[in-house]
Structures are given as C-alpha cells and as structure tokens.
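Fold and geometry: a report
So the chains spell out like this:
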Amino acid sequence: SQQGEEDPQALSIQEGENATMNCSYKTSINNLQWYRQNSGRGLVHLILIRSNEREKHSGRLRVTLDTSKKSSSLLITASRAADTASYFCTTDSWGKFQFGAGTQVVVTP
Amino acid sequence: GAVVSQHPSWVICKSGTSVKIECRSLDFQATTMFWYRQFPKQSLMLMATSNEGSKATYEQGVEKDKFLINHASLTLSTLTVTSAHPEDSSFYICSARDGEGNNQPQHFGDGTRLSIL
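The present account deals with the structure reproduced in this document. As the structure is a prediction and not an experimental result, all values here were calculated from the model.

As a rule of thumb, nonpolar side chains are buried together in soluble globular proteins. Counting 25 residues, the largest nonpolar core has Trp35(B), Tyr58(B), Phe67(B), Ile69(B), Leu79(B), Tyr92(B) and Leu114(B) as its most contacted members. Looking at this core, the elements that each hand over two or more residues are strand S2 (10–13), strand S3 (19–25), strand S4 (32–38), strand S5 (44–51), strand S7 (67–73), strand S8 (76–81), strand S9 (90–97) and strand S11 (112–116) of chain B. Residues Ala19(A), Ile47(A), Leu65(A) and Val107(A) belong to the second largest nonpolar core, which totals 21 residues.

Structure, rendered in structure tokens:
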C-alpha cells in the first residue's frame, strides 16, 4: 500500500496566494521529504524534515511534521506562476522510500 | 549541488528491442541508486535499488530478467529493459543519494521517456 498520501490531489490558486498541501503516512519514519516535479522532468528536492523536528523553513516554503498524527504539511507562501508543478512527499524509513500520489498545483498569473 | 544525469531523455523503438538507460552521479559518488517508473499523472513506483558492486534489490512484482540493473561503478548505474513491449512504455527516473548516512535526500535525474511501438 502507498505510504505517503497527499491531499488535495489538485490545487489551483492565483499568484500571490498561499498554497497548502498535506501528506499522511502509515509507518515509522526516519525523515520525510518534499519534492517538486515539473511536467515531464525529474524531481527536485525541496526540504527534508527529520522525525525529531516539527517545523522547517526554506525561503517561501514551510514544512511541518506531526509524528503523532503521522502527517506533514507543505506551505508555499506568496506563490508564483513558476511554482506550477506537482509536489510529492516521500517517507524515508531507514533507506526505504515510498512516494505519495502527489498534489498538482497550478498557479495562474 | 549534487547532480544526477540520466541518458537518454527519450527513446522510441520497436517492440522486441532492448533499451539501456544510464544514470550517472556527476559530482559525487553513490553506492546506492534507485530506479523508478512513473505513469502519467501518477506517483513514482520504486522498481529496484541498485547497489554498487552487488546485485540489485528488486521490489515485489518487478521482473528481474526484464529489467536488468548494473551498478558497475560508484557513479554509474544502468537499467536495461530487455525485449521491450508496448506495456513497458513509461517514464523511468533514477535517483542517487550523496552520502551513506540516514537523512540524505535523493537527487533525481531528468527521467527517460520510453515509447515502444
């Protein structure tokens, strides 16, 4: 069964708005990572948050992790058209990676 | 930053052909590389973990004889789709980790789009 499950499946917003997506997982993890994928391309690593961390920031990105609920969220603030992509979470259970289905984000100018 | 190069970017070939895809870590050594398959608008499915100098570890349901993996050096892993058929058409992506410890992100190639006619 799939480990990471993103929610929502798709998100359409306007430039300047914030975008929030969630990820839930089922087993114990070492860390959780968020990636971005532009259409037809490979994945770009965004943020890694360890199991003992609760929040992490990188530029306009903010990631939270709640291990008690086995969930994580990714917030993109002040979105730009260039943020249009699919976003995936993946859990790392000591070298075993599983990706969620992804959230497709469309940012319109 | 760590760069992974995947080649070719796309391949179109006839049914029955064998296709080799290369994955190279350009500025770091990777004892472990990963091969994924992705269908349109779907997530990545891990096919196998490629270990330098040893046999690959395949995920359940992935045919070892169909998808041959060779990791002959610390910077190169290859995936060969043998006797490819239309159902093998997909987007194949490799990744590598820079470092052996836990909490290392994966660095992805740009993927190979394989179309079998």
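Alright, that's what it looks like, and here's the rest.
Further remarks concern the state of the cysteines. Scanning the entire structure with this criterion turns up two disulfides over all chains. Each sulfur in the disulfide pair Cys23(A) and Cys89(A) lies 2.0 Å from the other. Torsion about the S-S bond of the Cys23(A) and Cys89(A) cystine: about 65°, corresponding to right-handed handedness. Of this pair, Cys23(A) sits in strand S3 (residues 19–24) while Cys89(A) is found in strand S9 (residues 85–93), placing the two residues 66 residues apart along the sequence. Shown here is the disulfide that connects Cys23(B) with Cys94(B), its sulfur atoms set 2.0 Å apart. Sign of the S-S torsion, about 85° for the bond between Cys23(B) and Cys94(B), identifies this disulfide as right-handed. Of this pair, Cys23(B) sits in strand S3 while Cys94(B) sits in strand S9; the two residues are 71 residues apart in sequence, bridging distant segments of the chain.

On the chain A side, the residues contacting the 21 residues of chain B number 23 residues. For the interface between chain B and chain A, the tally reads two salt bridges. Here Arg41(A) ties to Asp110(B) by a salt bridge, and the two come within 2.8 Å at their closest N and O atoms. Class assignment of the residues belonging to the side of chain B that touches chain A gives a composition of eight nonpolar, eight polar and five charged.

As a further point, take a nonpolar patch on the surface. Residues and elements named next belong to chain B. Residues Trp10, Ile12 and Leu117 make up a contiguous nonpolar surface patch of about 400 Å² in total accessible area. Turning to its location among the elements, Trp10 is positioned in strand S2. For Trp10, a relative accessible area of 58% translates into the label exposed.

Residue and element names in this part refer to chain B. With antiparallel pairing, the four strands of this open sheet are ordered in space as S1-S3-S8-S7. A strand with exactly one partner marks an edge of an open sheet, and here the two such strands are strand S1 (4–7) and S7. Direction aside, the axes of adjacent strands within the sheet are offset by 15° on average. Judged from the five bridges that link them, S7 and S8 form a sheet pairing that is antiparallel. Bridged to Ser73 within S8 is Leu76.

Moving on to the sheet that holds strand S7 (residues 61–66) of chain A. All names here are of chain A. Spatially, the five strands line up as an open sheet ordered S1-S3-S8-S7-S6, and their pairing is antiparallel. The open sheet is flanked by strand S1 (5–7) and strand S6 (55–58), the only strands paired with a single partner. Here the average twist between neighbouring strands, direction ignored, is 20°. With six bridges connecting them, S7 and strand S8 (residues 71–76) associate as antiparallel partners. Note that in S8 the partner of Thr64 across the bridge is Ser73.

Here the focus is the environment of Thr31(B). Here Thr31(B) lies in the loop between S3 and S4. With 27 residues separating them in the primary sequence, Thr31(B) and Tyr58(B) have C-alpha atoms 16 Å apart.

Bringing the packing of aromatic side chains into the picture now. With the rule as written, the count across this model stands at seven aromatic pairs over all chains. Taking 5.3 Å as the distance between ring centres and 85° as the angle between the ring planes, the aromatic pair formed by Tyr35(A) and Phe108(B) counts as edge-to-face. You can see Tyr35(A) sitting in strand S4 (residues 31–37) and its partner Phe108(B) sitting in strand S10 (residues 106–108), one on each of two chains. A residue is classified by how much of its surface remains accessible, and Tyr35(A), at 0% relative accessible area, is buried. Taking relative accessible area as the criterion, Phe108(B) reaches 8% and is therefore assigned buried. An aromatic cluster of three or more residues is present, and its members are Tyr35(A), Phe99(A), Tyr36(B) and Phe108(B).

Thresholds applied
Residue indices follow the written sequence of each chain, beginning from 1 at its first position. Chains and ligands are labelled sequentially in the order written, the chains with letters from A and the ligands with numbers from 1. This being a predicted model, a pLDDT of at least 70 is required before a residue's local features are given, and a value of 80 or more before pairs of side-chain atoms are given or counted; all residues contribute to the totals for chains, interfaces and linings. Think of the side-chain values as coming from all heavy atoms in the structure, minus any hydrogens and water. Definition used in this section: a nonpolar core is a set of buried Ala, Val, Leu, Ile, Met, Phe, Trp, Tyr and Cys residues joined via side-chain atoms within 4.5 Å. Buried residues are those whose accessible area, probed at 1.4 Å on protein chains only, stays under 20% of the maximum for their type, while exposed residues exceed 50% and partly exposed ones sit between those limits. Under the scheme used here, helices are H or I runs from DSSP no shorter than 4 residues and strands are E runs no shorter than 2 residues, and both carry numbers assigned from the N terminus. The definition used for a disulfide is geometric: two cysteine sulfur atoms within 2.5 Å. Contacts: residue pairs with any heavy atoms within 4.5 Å of one another. We define a salt bridge as a side-chain nitrogen of Lys or Arg found within 4 Å of a carboxyl oxygen belonging to Asp or Glu. Gly falls in the polar group here, along with every residue not listed as nonpolar (Ala, Val, Leu, Ile, Met, Phe, Trp, Tyr, Cys, Pro) or charged (Asp, Glu, Lys, Arg). For patches, a residue must show more than 30% relative accessible area and have no salt bridge; joins then use 9 Å for like charges and 5 Å for nonpolar side chains, namely Val, Leu, Ile, Met, Phe, Trp and Tyr. For every accessible area listed, the method is Shrake-Rupley and the probe measures 1.4 Å; residues are considered covered only by the protein chains on display. Strand pairing is assigned whenever DSSP detects at least two bridges linking the two strands. Inter-axis angles, ranging from 0 to 180 degrees, are taken between N-to-C directions of lines fitted to C-alpha atoms, where helices are fitted over the stretch in contact. When two rings of Phe, Tyr or Trp (its six-membered ring) have centres within 6.5 Å they constitute a pair, described as stacked for plane angles under 30 degrees, edge-to-face for angles over 60, and tilted for the intermediate range.

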